[in-house]
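Structural characterization, general
Single-letter residue listing:
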Amino acid sequence: MKRRDFLNVAAMTGVSLLGLRLGVTPANAQGRNDVIRVLLEDSPNTFDPSGTGYNPASCNISWNVYDRLVTFGVKPVEDKDDAFIYDYSNIVGQAAESYEVSEDGTTITFKMREGATFHDGRPVTAHDAKWSLDRAVNLPTSKAQLGTGSLTSPDQFTVVDDMTFQITLPQADRFTLPNLCILFPAIINSELAKEHATTEDPWAEVWLKTNEAGGGPFTVSRYVADQQFVLDRFADWKNGEVASAARIMAQIVPVASSRRASAERAEADLVRELSGRDIKDMIDAGKPRVLGISNPARMVSIALNSEMAPFDNKLVRQAVAYAVPYQEMFESVLYSRGTPLFGGSAETTEARYPQPLPYTQDLEKAKALLAEAGMADGFETTFTIDSSLGTTAEPIAILMQEALGKIGVTVKIEKVPSAQMGQLQTDRALPMYIAVGGAWLADPDYFFRIFYNSTRRWNYGNYQNEEMSKLVEETRFETDEEIYKTKVIRMVELAKDDVPLILLWSPFQDTVLSDAVHGYEYMFHGQLELRPLFKS
Amino acid sequence: MKHRTLRLIAWRLLMALPILFGVIVVTFVLIRALPGDPAIVYASGPNMSQEDIDAIRRAMGLDKSVFEQFLLYLNNIAHLNFGNSLVTGQPVLKDFGERLPATLELAVFAFALSLVVALPVGVLSALYRDSWIDQLVRVITSVSAAMPGFFFGLILIFIFYFLMGVAPEPIGRLSGWSIAPPTVTGFMTIDAALIGDWEIFREALGKMLMPAASMAIFAVAPLMRMMRGGMIDALDSDYIKAARAYGIPRRKILLQYALPNAMLPVLATMGMVLSTMLGANIMIEKLFAWPGIGSYSVNALTGVDYAPVQAFVLIVAVLFVLMTLAIDILSAAIDPRYKLKG
């Protein structure tokens, strides 16, 4: 090509590009009843309910594509119209038509649903239930969790006949049925999965990661990692009430401001993961419908390493708990989008947890406690924040730094990526940090077992207390309600007095809905429960 | 000449191999030097014990020695196997195959956009030196150099989408209701044009405008300044004076004599700008939910997902090498004095 020609081509390209105009196609979500458009922050990373390294967003697919033997019932949310929440105390059949618990509680017999099929048309039988549960107690992710419900070995699962499935337990366990309602023990089309299993991969993990073999109300009709997924209704679904035929079109939009703009322009039906500030602005502007549902089992707290000086001294932990500017944090960081877990009463009457701890900001008391601990001159420490917690972590850290400065404690703020955070937590190397947690099962002893006991990462406050360990052990199989209650109250008292975790609040799960969407239901895992959603 | 060029290209590509090997070693070591243990990240359940974490580590092959891992990795690369992404669960090569065209399309479009704006304006300000046009250009370049693309993108979204509603929703490459054309090149506009679906073509182009403008904003300043500088140098040179003395028409002097000579420094800048657009538009991709390689590799990085990060750096390095080569060849095409060097 001659130089002159090249320049001419370049100039021509420039001119032709100038001639283009914006191409705008209106995509008003609310006008379309056959599609529910959802905007999410994170992309699911697997279809496998027991997938190793599954992220919370993957529940959006695996929860809705698979059914479980049983599931939690539903109840309306108090003082909210047209919103529902799972009922932990009411467990109903899903893939199983009904179930029966033997008198001594050691045998649970499930009757599979007649006529129910998987997406490929094969009937759902007791053999599928057995294979699915065998799989769940064999894979590391689900195995550990199901163990908390005495589900540990394939020997416990028996096929009585094609449509009857039985679980035997070493002893009655009130955590068995709730554990069958969670994400992991999904009923998988075993024949289909086995076709894709190999000798190295007997549970078809590789195949099930990107393929589904479910019998739930939705099928995956399109999935592009980091971009979108489309779920279509399974027309022959028999395991529950069919709310509508609308397909779900979910798009991954990582930046909150873009999600918010779409929500405000009513181009999406359901938008998740907006910050407290965004939500407050939208409520103040009065335009979109915002549902803030409180999950009592979730908490945000400040963890103090109870085995590391100076926080190994209870008085120092209490001093810090009295120094936290709770109300200011709650309003300016969370924009009050949650339930406070501070300023509770000192006396414990209720056997539930988390509940508000008896602390409010009282700098005089904090100083006195520090003096009593022999640290009137204060000390230096580090406050670590997880960079992925973004909008809330940093202001919390700064408010803490300022408040602790007033009682003579010098705080250095350190920001680390979440991958590193996990390791530092596991190594118990952090003196003070923001700990976020939530339990899938609502019993208070379960919460204490995970977050106030053990040597695992999730014992955020590194709390090693003999009495607590003993109580956690004793309440595991306790059936006497009175004894249970007394012991739980003692555990709550320990948590209040020893404060390895300074509870701040239980954040709302805020969801922005279009006016056309109804039947929204909050599930324990906090991700989307799509079964009851409909549009009109 | 033809053969010489080809031989030189082959030689240059050969010389790129040690560079790429260096890149492989450095990324391999660096990502492992990063704090954070993938096994702990993937042991996500609160009831998982140390044994479970160890089992996951073994399954990931991270219990092997670093040297052993490196040899395995080299062997895999030699077979063009870049491993699987833990985040998406798919082979890394497949992930990149899906995302690279999106990044390229946006980068090329943004690049074209910045050229269309920067070059004519640069020439104008050289022609009317120190006039009000020149002063205005100076202000524009200062602002555009100082404005982060991400922030500019937010402003664009706010004004054109949120307030005025003339721009399409700033999410993805198509509206989501639309059906993407069958993938041939991966460039949405070209694929749409291939099947003659002009509605999708317009939509894809419309979706690109705001992100492309946000990316172009940083490129406009250097290009404009280089164009202006190059043009001034050319206009002040003896051969232009001679041409004027001969009474050659002004238009011809500008387009045929001054412009080609002024283009050389601009071309070098163009290479840099395009490379940067390919590798550094992560925030823009995030903001517009653009399914490109930038946002993909950042997700991988925060998720300590080794395979995609290693592949990303390697792929961008290859692109850089190719781009430099292309710029050199183009420079030679424009300026006969410019010799391709081995």
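Calculation criteria
- Starting from 1, residues in each chain are numbered consecutively following that chain's sequence as written.
- Each chain takes a letter, starting from A, and each ligand takes a number, starting from 1, following the order in which they are written.
- Confidence filtering applies because this is a predicted model: local features only for residues at pLDDT of at least 70, side-chain atom pairs given and counted only at 80 or more, and all residues used for totals across whole chains, interfaces and linings.
- Heavy atoms from the whole structure form the basis of all side-chain values; hydrogens and water molecules are not counted.
- Only strands that DSSP links by at least two bridges are regarded as paired with each other.
- Helix and strand assignments come from DSSP, with helices taken as H or I runs of at least 4 residues and strands as E runs of at least 2, each series counted from the N terminus.
- As a rule, the C-alpha atoms of each element are fitted with a line to give its axis, helices using only the stretch in contact, and angles between N-to-C directions run from 0 to 180 degrees.
- Contact between two residues is taken to exist if any of their heavy atoms lie within 4.5 Å; hydrogens are not considered.
- What qualifies as a polar contact is a pair of N or O atoms within 3.5 Å, subject to a donor-acceptor requirement within protein and to the restriction that residues adjacent in sequence count only when both atoms come from side chains.
- When a residue's accessible area, from a 1.4 Å probe over protein chains only, is under 20% of the maximum for its type it is buried; when over 50% it is exposed; and in between it is partly exposed.
- When the centres of two rings from Phe, Tyr and Trp lie within 6.5 Å, Trp using its six-membered ring, the rings pair. Their planes under 30 degrees apart give stacked, over 60 give edge-to-face, and anything left gives tilted.
- Charge over a ring is defined by NZ of Lys or CZ of Arg lying within 6 Å of the ring centre and within 35 degrees of the ring normal.
- Put simply, buried area is the surface a 1.4 Å probe can reach on two separate parts but cannot reach once they are joined, added for both.
- Salt bridges are defined as contacts in which a side-chain nitrogen from Lys or Arg sits within 4 Å of a carboxyl oxygen from Asp or Glu.
- Along the chain, pLDDT gives the predictor's confidence residue by residue, from 0 to 100.
- For cavity detection a 1 Å grid was placed over the protein atoms alone, and a set of points counts as a cavity when a 1.4 Å probe fits there but cannot get out; an open set counts as a pocket when protein lies on both sides within 12 Å along at least five of seven lines, with lining residues being those that have an atom within 4 Å of a point.
- Grid points are joined across faces, edges and corners, and a volume is the space filled by probe spheres set on the points.
- Residues are grouped as follows: nonpolar covers Ala, Val, Leu, Ile, Met, Phe, Trp, Tyr, Cys and Pro; charged covers Asp, Glu, Lys and Arg; every other residue, Gly included, is treated as polar.

**Here's the deal with the sheet that holds strand β7 (residues 164–168) of chain A**
Either a parallel or an antiparallel arrangement is found when strands of a sheet pair, and the pairing is made through backbone hydrogen bonds. All names here are of chain A. Sheet architecture is open: four strands sit in the order β4-β5-β7-β6, paired in antiparallel fashion. Strand pairing shows two members of the sheet lacking a second neighbour, β4 (96–101) and β6 (157–161), which therefore form its edges. When the angles between neighbouring strand axes are averaged without regard to direction, this sheet yields 25°. Along the sheet, helix α3 (residues 126–136) contacts β5 (107–112), β6 and β7; its crossing angle with β6, the most-contacted strand, is approximately 175°.

**What about the environment of T176 of chain A?**
Residues and elements named next belong to chain A. Note that T176 resides in helix α5 (residues 176–181). Between the alpha carbons of T176 and S150 there is a distance of 6.4 Å; along the sequence they are 26 residues apart. Beyond its immediate chain neighbours, meaning those up to four positions away, T176 contacts I108, G149, S150, L151 and L169. Separated by 2.9 Å, the side chain of T176 and the backbone oxygen of G149 make a polar contact.

**Some details on unusual backbone geometry**
All names here are of chain A. That bond from A309 to P310 is cis: its omega, 0°, falls within 30 degrees of zero. Locating P310 in the fold gives a position in the loop between β13 (298–304) and α10 (314–323). Note the cis peptide between Y353 and P354, where omega equals 0°. Despite not being glycine, S336 has its phi angle at roughly 60°, a positive value. Structurally, S336 is set in the loop between α11 (326–332) and β14 (338–340). By relative accessible area, which is 32% here, S336 ends up partly exposed.

**Some words on the environment of V101 of chain A**
Residues and elements named next belong to chain A. Relative to the elements of secondary structure, V101 occurs in strand β4. For the pair V101 and A397, spaced 296 residues apart in sequence, the C-alpha separation works out to 49 Å. What V101 contacts, discounting residues up to four positions off in sequence, is T107, I108 and L177.

**Focus on the packing of aromatic side chains**
Between two aromatic rings, the relevant description is the distance of the centres plus the angle of the planes. All names here are of chain A. Applying the stated rule across the entire model yields 33 aromatic pairs over all chains. Residues Y99 and F110 carry aromatic rings whose centres are separated by 6.2 Å and whose planes lie at 35° to one another, so their mutual orientation is tilted. Residue Y99 is found in strand β4, and its partner F110 is found in strand β5; the two are separated by 11 residues along the sequence. Overall, the relative accessible area of 27% leaves Y99 in the partly exposed class. Ring geometry for Y353 versus Y452: centroids 5.7 Å apart, planes at 80°, classification edge-to-face. Here Y452 lies in the loop between α15 (444–451) and α16 (466–475) and Y353 lies in the loop between β14 and α12 (363–372), a separation of 99 residues in the sequence. Residue Y353 is classed as buried on the basis of its relative accessible area, which comes to 4%. Here Y452 falls in the buried class, since its relative accessible area comes to 0%. Pairwise contacts between aromatic rings join Y353, Y433, F447, F448, F451, Y452, W458, Y460 and Y463 into one cluster. The positively charged end of R457 is found above the aromatic ring belonging to W458, 4.6 Å away from the centroid.

**Some points on the interface of chain A and chain B**
With 60 residues of chain A in contact, the opposing surface of chain B contributes 62 residues. Carbon and sulfur atoms supply 62% of the area that chain A and chain B bury against each other, a total of about 5,400 Å² over both sides. Note that E169 of chain B and R37 of chain A form a salt bridge whose closest N and O atoms lie 2.7 Å from each other. Linking chain A to chain B there are eight residue pairs in polar contact (both at pLDDT 80 or more). The element that contributes the greatest number of residues to the side of chain A that touches chain B is helix α1 (residues 3–18) of chain A, accounting for seven residues.

**As for the confidence of the model for chain B**
Per-residue confidence for chain B gives a mean pLDDT of 83; residues scoring 70 or more make up 96%. Across the interfaces of the predicted complex, the ipTM metric reaches 0.74, alongside a pTM of 0.83.

**A word on the pairing of strand β9 (residues 228–233) of chain A**
Residues and elements named next belong to chain A. In terms of burial, β9 is largely enclosed, as six of its six residues are buried. Where strand β8 (residues 218–224) meets β9, six bridges bridge the pair, whose relative direction is antiparallel. Counted as the bridge partner of T219 is D232 from β9. Linking two consecutive strands that pair antiparallel, namely β8 and β9, is a turn of three residues; a positive phi of about 70° is found at D226 within it. Bridging between β9 and strand β10 (residues 247–252) involves four bridges; their strand directions are antiparallel. The partner of F229 across the bridge, within β10, is A250.

**Notes on empty space enclosed by the protein**
Residues and elements named next belong to chain B. Under the definition given, this model contains four cavities of 30 Å³ or more. Of the voids in this model, the largest cavity is the one considered here, and its volume is about 50 Å³. Lining the largest cavity are P168, E169, P170, I171, G172, G206, K207, M210, P211 and F288. Among the residues making up the lining of the largest cavity, the classes are represented as six nonpolar, two polar and two charged.

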